[in-house]
Amino acid sequence: MVRAANDLGFRSNKILLMHSYDYNAEFYAGDRLQRDRDGRQTRLFGTAELREQMRVLGGRPVLVLVPHEYESQLTADDALNVKFIGSNREKSLAAVSLR
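Bear in mind the structure is a predicted one, so any value in this text is a computation, not a measurement.

A. Structural view of the overall build of the protein chain. When its secondary structure is counted, the protein chain shows four helices and five strands. For 99 residues, the compact-globule formula gives about 13 Å, and the C-alpha radius of gyration of the protein chain, at 12 Å, lands near that figure. Principal axes of the C-alpha set define a box for the protein chain whose edges measure 35 × 30 × 25 Å. When the 99 residues of the protein chain are sorted by exposure, 42% land in the buried category. Looking at the protein chain alone, contacts between residues at least 24 apart form 56% of all its contacts between residues at least 6 apart. Accessible surface computed for the protein chain: about 5800 Å², of which carbon and sulfur atoms make up 45%.

B. Fine view of the nonpolar core. In this structure, Ala 5, Phe 10, Ile 15, Leu 63, Leu 65 and Ile 85 are the most contacted members of the largest nonpolar core, which totals 13 residues. At the level of elements, helix H1 (2-7), strand S1 (15-18), helix H2 (25-29), strand S3 (62-67) and strand S5 (91-98) are the ones that each hand at least two residues to this core. Those residues within four positions of Phe 10 in sequence are excluded, and the remaining contacts are Ala 5, Arg 32, Leu 63, Ile 85 and Ala 95. The next biggest cluster of nonpolar side chains, apart from the first, holds 12 residues, and it includes Val 62, Val 64, Leu 74 and Ala 94.

C. Just the environment of Gly 59, in detail. Relative to the helices and strands, Gly 59 is located in the loop between helix H3 (47-56) and S3. Owing to a relative accessible area of 31%, Gly 59 belongs among the partly exposed residues under this scheme. Here the alpha-carbon distance between Gly 59 and Arg 99, two residues 40 residues apart in the chain, equals 9.7 Å. With residues up to four places along the chain from it excluded, the contact list for Gly 59 reads Met 54 and Leu 98.

D. Inspection of unusual backbone geometry at higher detail. The phi angle at His 19 is positive, at roughly 70 degrees, despite the residue not being glycine. Inspection of the secondary structure puts His 19 in the loop between S1 and H2. When its relative accessible area of 16% is taken as the criterion, His 19 is described as buried.

E. Quick look at the pattern of salt bridges. Under the defined criterion, the tally for this structure stands at five salt bridges. Put simply, Lys 91 and Asp 22 hold a salt bridge, and the shortest N to O gap is 3.1 Å. Of this pair, Lys 91 sits in strand S5 while Asp 22 sits in the loop between S1 and H2, placing them 69 residues apart in sequence. Here Lys 91 falls in the buried class, since its relative accessible area comes to 8%. One salt bridge in this structure joins Asp 36 and Arg 40, with 3.2 Å as the shortest N-O distance. Residue classification places Asp 36 among the partly exposed residues on the basis of a relative accessible area of 26%.

F. Region of interest: the sheet that holds S1. The strand order S2-S1-S3-S5-S4 describes an open sheet built from five strands, whose pairing is mixed. Edge positions in the open sheet fall to strand S2 (43-44) and strand S4 (80-87), since each of these has one partner strand only. Sheet topology places S1 next to S2; two bridges connect them, and they run parallel. Bridging from a neighbouring strand, Met 18 pairs with Leu 44 of S2.

Cut-offs used in this document
Every chain is numbered independently, its residues counted from 1 as its sequence is written. This being a predicted model, a pLDDT of at least 70 is required before a residue's local features are given, and a value of 80 or more before pairs of side-chain atoms are given or counted; all residues contribute to the totals for chains, interfaces and linings. Excluding hydrogens and water, the side-chain values take into account all heavy atoms of the structure. A helix here means a DSSP run of H or I that spans at least four residues, while a strand means a run of E at least two residues long, and both kinds are numbered starting from the N terminus. C-alpha atoms define the radius of gyration, and 2.2 Å times the number of residues to the power 0.38 defines the globule rule. Each residue's exposure class comes from its accessible area (1.4 Å probe, protein chains only) as a fraction of the maximum for that residue type: buried when under 20%, exposed when over 50%, partly exposed otherwise. Here, residues are in contact when the closest pair of their heavy atoms is within 4.5 Å. Only the protein chains shown count as cover for residues, and the accessible areas themselves come from Shrake-Rupley with a 1.4 Å probe. Here, the term nonpolar core denotes a set of buried Ala, Val, Leu, Ile, Met, Phe, Trp, Tyr and Cys residues that are joined through side-chain atoms within 4.5 Å. Should a side-chain nitrogen of Lys or Arg be within 4 Å of a carboxyl oxygen of Asp or Glu, the pair is scored as a salt bridge. In short, DSSP must find at least two bridges between two strands for them to pair.

What follows is the structure, given as structure tokens:
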């Protein structure tokens, strides 16, 4: 999924995690994952937290790894532009920008 995002021009965009950690992403894009002060992955719970983090990052589009059961949170938020890039058995990766 990260490779597909890179091919679409999202090679340097930050990757945010919603509702779960993703240790497989460490291998593919560890330097792009959002982290806390101690270097641990951070996860966001809902689109309000996502929008706030995007504003902190300067409003730039981000990639979001989200479990399938929470995808609808992204698509239901009218303040977000969401394009799903790929998925596996557990999660999807979406390019997200603020409207």
